[in-house]
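These are the residues of each chain, in order.
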Amino acid sequence: MHSPFDLSKPIAIGSDHAGYDFKEQLISFLEGKGLPYTDFGTHTKDSVDYPDFAHPVASAVEKGEAAFGILLCGTANGVAITANKHQHIRAAICWGEEIAKVCREHNDANILCIPARFVSEGVAEKMLQIFMTTNFEGGRHLNRVNKIACA
Ligand code: RB5
């Protein structure tokens, strides 16, 4: 499988309680493909706070310890807002296949954020497949991405 990411590194994945079922399903998907991953939790459906899972996933991607990240919560807003506090993290909320493709092509997104309460598990799996196999287009999009970081 072609991927722009270094898939010899683990894929960092995390969720709150609202994203727990989807996280488990996506982990099965990764296992089916023989891809390494690090599960940062949560590990039950008990109510938790999404930053406790979004920060570790974002840190792993930021430090280059993970190939890329996957974050899930009910809306994806909480995990995306949290992850995007980290330098060089481009966490994209995706709710369909085309968005998952374009956030890679145009934004060089490095964390896929999935709103578990607003998409089906089938769409989540398809978005992950697209996200991890789509190249950044560079060019004019690179100029834009280079202007994102705050000094
Ligand atoms: C949890 O109820 C919910 O607030 C959370 O999953 C997320 O949607 C927050 O942004």
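Keep in mind that what you see is a predicted model, and the values were worked out from it rather than measured. (Residues numbered from 1 in each chain as written. Predicted model: local features only at pLDDT ≥ 70, side-chain atom pairs only at ≥ 80, totals over all residues. Heavy atoms only, no water.)

**A short note on helix 4 (residues 97-105)**
Of all the positions in helix 4, only Ala100, Cys103, Arg104 and Glu105 are classed as buried. Where helix 4 is buried, its residues meet strand 4 (91-93), helix 5 (121-131) and helix 6 (140-145). (Buried < 20%, exposed > 50% of the residue type's maximum accessible area, 1.4 Å probe, protein only. Helix = DSSP H or I, 4+ residues; strand = E, 2+ residues; numbered from the N terminus. Contact = heavy atoms within 4.5 Å.)

**Re the sheet that holds strand 1 (residues 11-15)**
Here five strands make up an open sheet; going across it, the order is 2-1-3-5-4 and the pairing parallel. The sheet is open, and its two edges are formed by strand 2 (37-39) and strand 4, each paired on a single side. Adjacent strand axes in the sheet meet at a mean angle of 20°, parallel and antiparallel pairs treated alike. For strand 4 and strand 5 (residues 111-115), the ladder comprises three bridges, and the chain directions are parallel. (Pairing = 2+ DSSP bridges. Axes fitted to C-alpha atoms, helices over the stretch in contact; angles between N-to-C directions.)

**Side note on the site of the ligand**
The immediate surroundings of the ligand are formed by Asp16, His17, Ala18, Tyr50, Cys73, Gly74, Thr75, Gly78 and Arg117. Measuring from an oxygen atom of the ligand, one finds a side-chain N or O atom of aspartate 16 at 2.6 Å. Between the ligand and the protein, one listed contact pairs an oxygen atom with a backbone N or O atom of threonine 75 at 2.9 Å. Alone, the ligand offers 300 Å² of accessible surface; in the complex the protein occludes 72% of this. Looking at the shell around the ligand, its residues break down into three nonpolar, four polar and two charged. (Near = heavy atom within 4 Å. Polar contact = N/O pair within 3.5 Å; in protein donor to acceptor, adjacent residues only side chain to side chain. Areas by Shrake-Rupley, 256 points an atom, 1.4 Å probe, with all protein chains shown as cover. Nonpolar A, V, L, I, M, F, W, Y, C, P; charged D, E, K, R; others polar.)

**Concerning helix 5**
Listed as buried for helix 5 are Ala124, Met127, Leu128, Ile130 and Phe131. Here the buried residues of helix 5 occupy an arc of 165° about the axis, which is enough to place them on one side. Against helix 1 (20-32), strand 3 (69-73), helix 4 and strand 5 lie the buried residues of helix 5. (Arc of directions from axis to C-beta.)

**Things to note about unusual backbone geometry**
Each neighbour pair has its own omega, and for glycine 41 with threonine 42 the value is 5°, a cis peptide bond. Its place among the elements puts threonine 42 in the loop between strand 2 and helix 2 (51-62). The phi dihedral of histidine 88 falls on the positive side, at around 65°, and the residue is not glycine. Here histidine 88 lies in the loop between helix 3 (77-83) and strand 4. Phi angles above zero are rare outside glycine, and aspartate 108 is one such case at about 50°. Structurally, aspartate 108 can be placed in the loop between helix 4 and strand 5.

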